[in-house]
Amino acid sequence: MRAIPDAVHGSFVFTEEHLALVPEETTEILRPYVGWSVFCYAVPITDEGLWVWHHHGEYRSLLANYVLLRAADAIRRELARTDVASEDLPELTAQGVSMVEVAEYAGIGNRGWNNLLLHPEYGSWLQIHALLVDAPLTESPLLLTDVCVRCGNCFRSCPVDALAEDVFHRSRCQKVVAAPWDPRSRAEALTDKTYIECRMCIDDCPIGTPVERLLAWKR
C-alpha cells in the first residue's frame, strides 16, 4: 500500500451479519453500507515516536493516528479519481465501532488476553484504521490461529488489575492511560505537551518482541 508502505491490511464485505453485531447506536448509521467492502489497515509501531501523544488545546492525538488519517485521505482521493465512493469508518460512527473487531474480520490478527489486537509479528504494537469502500475488494481469510499464547504477563503487569481471562475492566484501564496531568495516570510526560500512555500490557507481551525474548516467560 503506497500510502503506508509497511502497513498490514486486509478486507472483507460488510454484511447483515456484521451489522447485527455493531453497537445499537451505530446500526442505522451503517445500514446503508451493507454490501460495501471494509478495508482495514494498521501501522506497525516500529518507532517510539509513533507512540507519542500530543496535547493541543482541548484535543490530544497519537502520532500514529495522524499517519493513519493522512493515509486515509490519500486512499480516498485515489478512489474518488475512479468514481468509487468511500467513507472513513471511525469518523462516520464517531469511534463507535471496535477497530479490534474490524481488524479481526479483516484477518490482520485476533484479540489477546490484553483486550487488544495481536498480530503474529507485531503483537499489539499496531494502530488501526478502516474505510468503507463501495467496490469489491479481495476478501482476506480470517486468522484462525490464536496469536495469544496465554502466558498471563498482561494480567501480572497491569497496575490496576484491569485484565482477567474473560473480563476487561475498561474503567480501571482508563484511570491509568489518560494523561500525565491526571494524578491517577501512569502516563509518562516527555514535555508539557507530549506524553506516552501506560502500555505495560503491551511491553510485557511476548508477541512482537525480539526472538531472544519471545519465550522468556517459559524459562
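Here the structure is shown first, and the text comes after it.
So, here is what we can say about the structure in this document. (Residues numbered from 1 in each chain as written. Predicted model: local features only at pLDDT ≥ 70, side-chain atom pairs only at ≥ 80, totals over all residues. Heavy atoms only, no water.)

## Topic: the packing of aromatic side chains
Definition in use: Pairing of aromatic side chains requires ring centres within 6.5 Å, counting the rings of Phe and Tyr and the six-membered ring of Trp. Pairs whose planes differ by under 30 degrees are stacked, by over 60 edge-to-face, and all others tilted. Starting at the N terminus, helices and strands are each numbered in turn, a helix being any DSSP run of H or I of at least four residues and a strand any DSSP run of E of at least two. Exposed residues in this analysis have more than 50% of their type's maximum accessible area, buried residues have under 20%, and partly exposed residues fall in between, with area computed by a 1.4 Å probe over protein chains only. Put simply, a charge is over a ring when the Lys NZ or the Arg CZ is close to the ring centre, within 6 Å, and near the line of the ring normal, within 35 degrees.
Scanning the entire structure with this criterion turns up five aromatic pairs. Measuring from centroid to centroid gives 5.2 Å for Trp 51 and Trp 125, while their planes differ by 70°, and the two rings are edge-to-face. Taken together, the positions of Trp 51 in the loop between strand S2 (37-44) and strand S3 (53-56) and Trp 125 in the loop between strand S7 (117-118) and strand S8 (126-133) put the pair 74 residues apart, joining distant regions of the chain. Trp 51 gets classed as buried once you look at its relative accessible area, which sits at 10%. Between Trp 113 and Phe 155, the aromatic rings sit 4.9 Å apart at their centres with planes inclined by 20°, giving stacked as the arrangement. One end of the pair, Trp 113, is in the loop between strand S6 (110-111) and S7; the other, Phe 155, is in helix H6 (residues 153-157), with 42 residues separating them in the sequence. Directly above the aromatic system of Tyr 66 lies the positively charged group of Arg 70, at a separation of 5.0 Å from the ring centroid.

## Examining the nonpolar core
Cut-off, in case you're wondering: Working definition of a nonpolar core: buried Ala, Val, Leu, Ile, Met, Phe, Trp, Tyr and Cys residues. They are joined through side-chain atoms within 4.5 Å. Should any heavy atoms of two residues lie within 4.5 Å, those residues are counted as being in contact.
Grouped together as the largest cluster of nonpolar side chains are 37 residues, with contacts concentrated most on Ile 4 and Tyr 41. Secondary structure elements with two or more residues in this core: S2, helix H3 (63-81), S8, strand S10 (194-196) and helix H8 (200-203). When residues of this core are assigned to their parent elements, the largest contribution, six residues, is made by H3. Apart from the residues lying within four places of it in its own chain, the contact partners of Ile 4 are Tyr 41, Val 43, Val 67, Leu 68 and Ala 71. Counting 25 residues, the second-largest nonpolar core is a separate cluster that includes Phe 12, Leu 19, Cys 40 and Val 100.

## Section: the pattern of salt bridges
Opposite charge on two side chains allows them to pair when their charged atoms are near. Quick reminder of the rule: In the sections that follow, a salt bridge refers to a side-chain nitrogen of Lys or Arg positioned within 4 Å of a carboxyl oxygen of Asp or Glu.
A complete count under the given rule lists seven salt bridges for this structure. Asp 203 serves as the salt-bridge partner of Arg 199, at 3.4 Å between the closest nitrogen and oxygen. Several salt bridges converge on common partners, so that one network encompasses Glu 48, Arg 199 and Asp 203.

## Considerations on H3
Heads up, the rule is: What a helix is expected to span follows from its residue count: subtract one and scale by 1.5 Å. The directions considered for the arc are those from the helix axis to the C-beta atoms.
Over its 19 residues, H3 runs 28 Å from end to end, which matches the ideal 27 Å to within 8%, given 1.5 Å per residue. Residues of H3 that are buried include every one of Ala 64, Leu 68, Ala 71, Ala 72, Ile 75 and Leu 79, and no others. Angularly, the buried residues of H3 cover 110° about the axis, an arc narrow enough to put them on a single face. Contacts from the buried residues of H3 go to S2, strand S4 (59-62), strand S5 (86-88) and S8. Just past H3, the residue Asp 83 takes up positive phi, approximately 60°.

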